Amino acid sequence: MQAWTLVVFLLATMAVAYHLGRKRAIVRAGGASRIKDLHSLPAYYGLYAALWAGLPALLLMGLWVGLQDQILITLVTASLPPEMLEGLSDGRVGLLINDIKNLATGNIVSMDVTPAIQVAAEQYTRLRGIFQWAMWLAVAAVAIGGLSFAWASTEPRMRARNRVEGAVKVMMIVFSSIAILTTLGIVLSVVFESLRFFDQVSPLEFFFGTRWSPQIALRADQVGASGAFGAIPLFTGTLMVSVIAMLVAVPIGLLSAIYLSEYAARRVRALAKPVIEVLAGIPTVVYGFFAALTVAPFIRSLGASLGLDVASESALAAGLVMGIMIIPFVSSLSDDVINAVPQSLRDGSYALGATQSETIRRVILPAALPGIVGGVLLAVSRAIGETMIVVMAAGLAANLTANPLDSVTTVTVQIVTLLTGDQEFDSAKTLAAFALGLTLFLVTLSLNVIALTVVRKYREQYE
Amino acid sequence: MSTMAEVIEPTAGTISAADLASSQHSRATVGDVTVADPRMTCRGVDVWYGAKQAIKGVSLDIGKHEVVSMIGPSGCGKSTFLRCLNRMNDTIDGCRVTGSIKLDDVDIYDAGLDPVPLRAQVGMVFQKPNPFPKSIYENIAYGPRIHGLTNNKAELDDLVETSLRKAGLWEEVKDRLDQPGTGLSGGQQQRLCIARTIAVSPEVILMDEPCSALDPIATAIIEELIDELREHYSIAIVTHSMQQAARVSQRTAYFHLGDLIEVGETNDIFTNPKHKLTEDYITGRFG
């Protein structure tokens, strides 16, 4: 019996329970004409019955599926001849169990199949069959039991609406905690892996070292793999690319926002705003090869004609393209906050004989400034976390340089390189990715918090 | 032609038929729209919002040193008319104004005239106090700064103080000029907006229901202030409160559905209205 047939059965039971509960309530009230005697609408009694039929059974099923394998393994291990397990480490026992399971499901087995293992595998198959049947019966019994309980407790004075709404509220709390717990889980796993990294490499070296060369020697005589984890070149590279991006995005985005919200005719605005926002819809990988294949060679040949030495993958190319990608963020957020400045302030300024540009410079922009700053900070955190463009266009060499024509690398690029391909998961090289990720996360998180606080403060001013 | 004759007859005198030629469906205005010593003269003013006509052939003078109040039910066009007097309607899409509006014999809708300096001459106070989110001082200094009215900081300080004194706000705020104007009470904010308008020394001040967002005490203070300001400025005020019109104004104009129905001395209008519509409105039969 497959688990999904059980789920279908439960859904069907819930549907039946809904109708039974609804009918039962009407009958107990004394017919369709006496519905007003019921505490709640009949549908609530139906939902009440459906919840009783479905929820406890689903809970039991979830628990059963979660625990079944553990219990099975314990039982099978206990039945193995003791001399087989003698002197085996935990890891070896795990392998043995895996082999038994593989044998039982007909997969490839890593060791010679002894009669004892054959027996254990057969027992495993048999037990699992029994367990699945037992689960079917238990879950179905609970479902029917829940339905009967709801049936029995349905009477006109029962507050079905309150109970259903209470149950729905609990469900919503559970679901929202799933989102929160997932975030928490990701953060904690990153934190713990980072701690393991900092056991091997001191935080001092990581945060203040100026040499980044994460290749670690696997053998003592290996050349060119020293394993240096100074992240400063990564931080400066990230900073440089982000600064170039913001130098492009802020003026263009802000000025186009001012034009669109204050000067443009309605038809121009209706056309231009969506077109600018299309920029936000272009996949970053497209920006990436645009930067690597179009912009970077262009800058290189431009630099060559001016007698400059430009790397074929330069920070400038990556930053310019990233800036273009971020324009819609800045312009759209700025447009919103400029539009949120009340018309009465504009009127007040015009009524004093101010021109439109005076009004924009002296009244609207100062009033909108906190919101614009918030928008720019959100754009910065986006730029810092951006990966695809820099992977393709900025390069991999961890140069500590202030020259935007050089190739630089960023935190995100290094995380990608550290984790691409086959890696061992306990070497400092791999764990370094977690430390970089944690740093990145903390920086963008604090930028977002600051940005949101600033934006919220601004909102309070006019509401 | 019958409509034209009907229009011209009661307001005969200074108005020529040509002034009214563009206006098609206007009603006659009862009473004398002219004054002996006008600051602003409006003749046959029509306003359209797109295809809808909001003001129909309105003619009205605003004299020097007088308060003219404009009353009438909601949507009668009194605010629209007021906003024509400093071309604030220019900022509204699809708004079209015809007819003649003159300030000191200069046509303010002349194609060659820049509306920006005009608005310094004809200031405006709005229904809801709208101080800038700047300090009290900066709120007042805003106008003088953009028009370059003062040469140095001391002159600007003086101007800020005189403006606040004229608006009766100086004593209340002199110790906190650097605090935000938005932190004042509603009545204080409105007086701040009046002080801001005075600071650019306008000739005319337009007030669009300046007390409708204020409590009775703040209203009384503003009304007293309006009476004092009459000494230096011409004032046109739109109000929904007939008591307010009676208290602050010398002349009253009654608007109805885009028409100027009746104009006269405030006392006459309230004690002895000549037009049926005016009488109905004043006695509270509608509106």
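Going along each chain's sequence as written, the residues are numbered from 1 onward. Note on labels: chains are lettered from A, ligands numbered from 1, in written order. Residue-level local features of this predicted model are given only where pLDDT is at least 70; pairs of side-chain atoms are given and counted only at 80 or more, and the full residue set underlies all totals for whole chains, interfaces and linings. Excluded from the side-chain calculation are hydrogens and water; included are all heavy atoms of the structure.

**Let's talk about the overall build of chain A**
Next, step 1: Looking only at helices and strands, chain A features 16 helices and two strands.
Next, step 2: Against the 2.2 N^0.38 benchmark of 23 Å for 463 residues, chain A shows a C-alpha radius of gyration of 32 Å, more extended than a compact globule.
Next, step 3: Along the first, second and third principal axes, the C-alpha set of chain A runs to 80 × 80 × 35 Å.
Next, step 4: Categorising residues by exposure relies on relative accessible area from a 1.4 Å probe, with only protein chains included: less than 20% of the type maximum marks a residue as buried, more than 50% marks it as exposed, and the intermediate range marks it as partly exposed. Within chain A, the proportion of its 463 residues that are buried is 39%.
Next, step 5: Of the roughly 24,600 Å² of accessible surface on chain A, a fraction of 68% belongs to carbon and sulfur atoms.
Next, step 6: Under this rule, positive means Lys or Arg and negative means Asp or Glu; His and the chain ends count for nothing. The atoms used to mark charge sites are NZ of Lys, CZ of Arg, CG of Asp and CD of Glu. If the 31 positive side-chain charges of chain A are averaged to one point and the 29 negative ones to another, these points end up 17 Å apart. By the criteria applied, helices consist of DSSP H or I runs no shorter than four residues and strands consist of E runs no shorter than two, each listed in order from the N terminus. Using C-alpha atoms as the atom set, the radius of gyration is obtained and then compared with a globule rule of 2.2 Å times the number of residues to the power 0.38. To measure how exposed things are, a 1.4 Å probe is used in the Shrake-Rupley method; for residues, cover is taken only from the protein chains shown.

**Brief notes about the domain arrangement of chain A**
Next, step 1: Marked domain ranges trace back to an automatic or database domain assignment. Assigned domains of chain A: these are domain 1 (3-158) and domain 2 (226-462).
Next, step 2: Computed from C-alpha coordinates alone, the two centres of domain 1 of chain A and domain 2 of chain A are separated by 51 Å.

**Concerning the pairing of strand S9 (residues 251-256) of chain B**
Residue and element names in this part refer to chain B.
Next, step 1: Summarising burial for S9: six of the six residues are buried, a large majority.
Next, step 2: In S9, alternate side chains face the same way, and those of Arg251, Ala253 and Phe255 on one face and Thr252, Tyr254 and His256 on the other are all buried.
Next, step 3: Think of it this way: DSSP has to see at least two bridges between two strands before they count as a pair. With four bridges connecting them, strand S3 (residues 67-71) and S9 associate as parallel partners. Bridge assignment links serine 69 to a residue of S9, and that residue is threonine 252.
Next, step 4: By the bridge criterion, six bridges tie S9 to strand S10 (residues 259-265) in an arrangement that is antiparallel. Within S10, the position partnered with alanine 253 by the bridge is valine 263.
Next, step 5: Counting the residues between successive antiparallel strands, the hairpin from S9 to S10 contains two residues, one of them, leucine 257, with a positive phi of roughly 50 degrees.

**Let's talk about the nonpolar core**
Next, step 1: Think of a nonpolar core as a cluster: buried Ala, Val, Leu, Ile, Met, Phe, Trp, Tyr and Cys residues, connected wherever their side-chain atoms sit within 4.5 Å. Core analysis: the biggest nonpolar cluster contains 71 residues, and Phe197(A), Phe206(A), Trp212(A), Met322(A), Ile326(A), Ile389(A) and Leu436(A) have the highest contact counts within it.
Next, step 2: Top contributing element to this core by residue count: helix H13 (residues 356-385) of chain A, with twelve residues.
Next, step 3: Leave out the neighbours within four places in its chain, and Phe206(A) touches Phe197(A), Phe198(A), Trp212(A), Phe229(A), Gly230(A), Ala231(A), Ile232(A), Ala435(A), Leu436(A) and Thr439(A).
Next, step 4: Ranked by size, the runner-up nonpolar core spans 35 residues in total, among them Ala351(A), Val58(B), Phe81(B) and Val122(B). Whether two residues are in contact is decided by their heavy atoms, any of which lying within 4.5 Å being enough.

**Structural notes on the interface of chain A and chain B**
Next, step 1: Counting residues at the interface gives 20 residues for chain A, matched by 24 residues for chain B.
Next, step 2: When two parts are put together, the accessible area they lose, computed with a 1.4 Å probe and summed over both, is reported as buried area. The junction of chain A with chain B conceals about 1,700 Å² of combined surface from both sides, 63% of it contributed by carbon and sulfur atoms.
Next, step 3: When residues of chain A are sorted by the area they lose upon contact with chain B, Ala351(A), Leu352(A) and Arg362(A) head the list and together hold 38% of the total.
Next, step 4: Two N or O atoms count as a polar contact when they lie within 3.5 Å, although within protein this holds only if one can serve as hydrogen donor and the other as acceptor, and sequence-adjacent residues are included solely when both atoms are side-chain atoms. For the interface between chain A and chain B, the tally reads five residue pairs in polar contact (both at pLDDT 80 or more).

**Here's the deal with the packing of helix H9 (residues 266-281) of chain A against helix H11 (residues 315-340) of chain A**
Residues and elements named next belong to chain A.
Next, step 1: Interaxial distance between H9 and H11 falls to 7 Å at its minimum, and their mutual angle equals 135 degrees. Relative to H11, the element H9 is oriented oblique. Judged by the sense of rotation from one axis to the other, the crossing of H9 with H11 is left-handed. Contacts between H9 and H11 involve Arg269, Lys273, Ile276, Glu277, Leu279 and Ala280 from the first element and Ile324, Ile327, Pro328, Ser331, Ser332, Asp335, Asp336 and Asn339 from the second. Every angle, taken between N-to-C directions, lies between 0 and 180 degrees, and every axis is a line fitted to C-alpha atoms, over only the stretch in contact when it is a helix. Here the word oblique covers every angle except those under 35 degrees (roughly parallel), over 145 (roughly antiparallel) and from 65 to 115 (roughly perpendicular). Two helices that cross are described as forming a left-handed crossing if the nearer one is turned anticlockwise from the farther one by less than a right angle, and a right-handed crossing if clockwise.

**Structural notes on the UniProt feature "domain: ABC transporter" (unreviewed entry) in chain B**
Next, step 1: Within this structure's numbering, the places UniProt gives as "domain: ABC transporter" (unreviewed entry) are residues 33-282 of chain B.
Next, step 2: Secondary structure across residues 33-282 of chain B divides into 36% helix and 27% strand, with the first and last C-alpha atoms of the span separated by 19 Å. UniProt positions are given in the numbering used here, feature names are shortened, and annotations may be inferred rather than shown by experiment.

**Description of the confidence of the model for chain A**
Next, step 1: Per-residue confidence from the predictor is reported as pLDDT, a score between 0 and 100. Taken over all residues, the pLDDT of chain A has a mean of 87, while the share at 70 or more is 96%.
Next, step 2: Between the elements of chain A, mean pLDDT differs from a low of 74, seen in helix H3 (residues 82-85) of chain A, to a high of 93, seen in helix H6 (residues 160-200) of chain A.

**A look at the packing of aromatic side chains**
Next, step 1: Pairing of aromatic side chains here covers Phe, Tyr and the six-membered ring of Trp, requires ring centres within 6.5 Å, and sorts the geometry by plane angle: under 30 degrees stacked, over 60 edge-to-face, intermediate tilted. The full count for this structure, using the stated rule, is 13 aromatic pairs over all chains.
Next, step 2: Between Phe198(A) and Phe206(A) the ring centres are 5.5 Å apart and the planes differ by 75 degrees, which places this aromatic pair in the edge-to-face class.
Next, step 3: For Phe198(A), a relative accessible area of 18% corresponds to the buried category.
Next, step 4: Geometrically, the ring pair formed by Tyr254(B) and Tyr281(B) is tilted, given 5.1 Å between the ring centres and 35 degrees between the ring planes. Taken together, the residues span a long stretch of sequence, with Tyr254(B) in strand S9 and Tyr281(B) in helix H11 (residues 276-282) at a distance of 27 residues.
Next, step 5: The exposure class of Tyr254(B) is buried, given its relative accessible area of 0%.
Next, step 6: What makes Tyr281(B) buried here is its relative accessible area of 4%.
Next, step 7: Members of the aromatic cluster, connected to one another through ring pairs, are Phe197(A), Phe198(A), Phe206(A), Phe207(A), Trp212(A), Phe229(A) and Phe235(A).

**A look at the environment of Pro370(A)**
Next, step 1: By secondary structure assignment, the location of Pro370(A) is in helix H13.
Next, step 2: Sequence-wise, Pro370(A) and Leu20(A) are 350 residues apart; in three dimensions their C-alpha atoms are separated by 58 Å.

**Some thoughts on the sheet that holds strand S2 (residues 52-63) of chain B**
All names here are of chain B.
Next, step 1: Strand order in the open sheet formed by four strands is S2-S1-S4-S5, with antiparallel pairing between adjacent strands. Among the strands making up the open sheet, the edge pair consists of S2 and strand S5 (106-107).
Next, step 2: In this structure, strand S1 (residues 38-49) lies alongside S2, joined through eight bridges in antiparallel fashion. Considered in S2, the bridge of methionine 40 is made with isoleucine 62.

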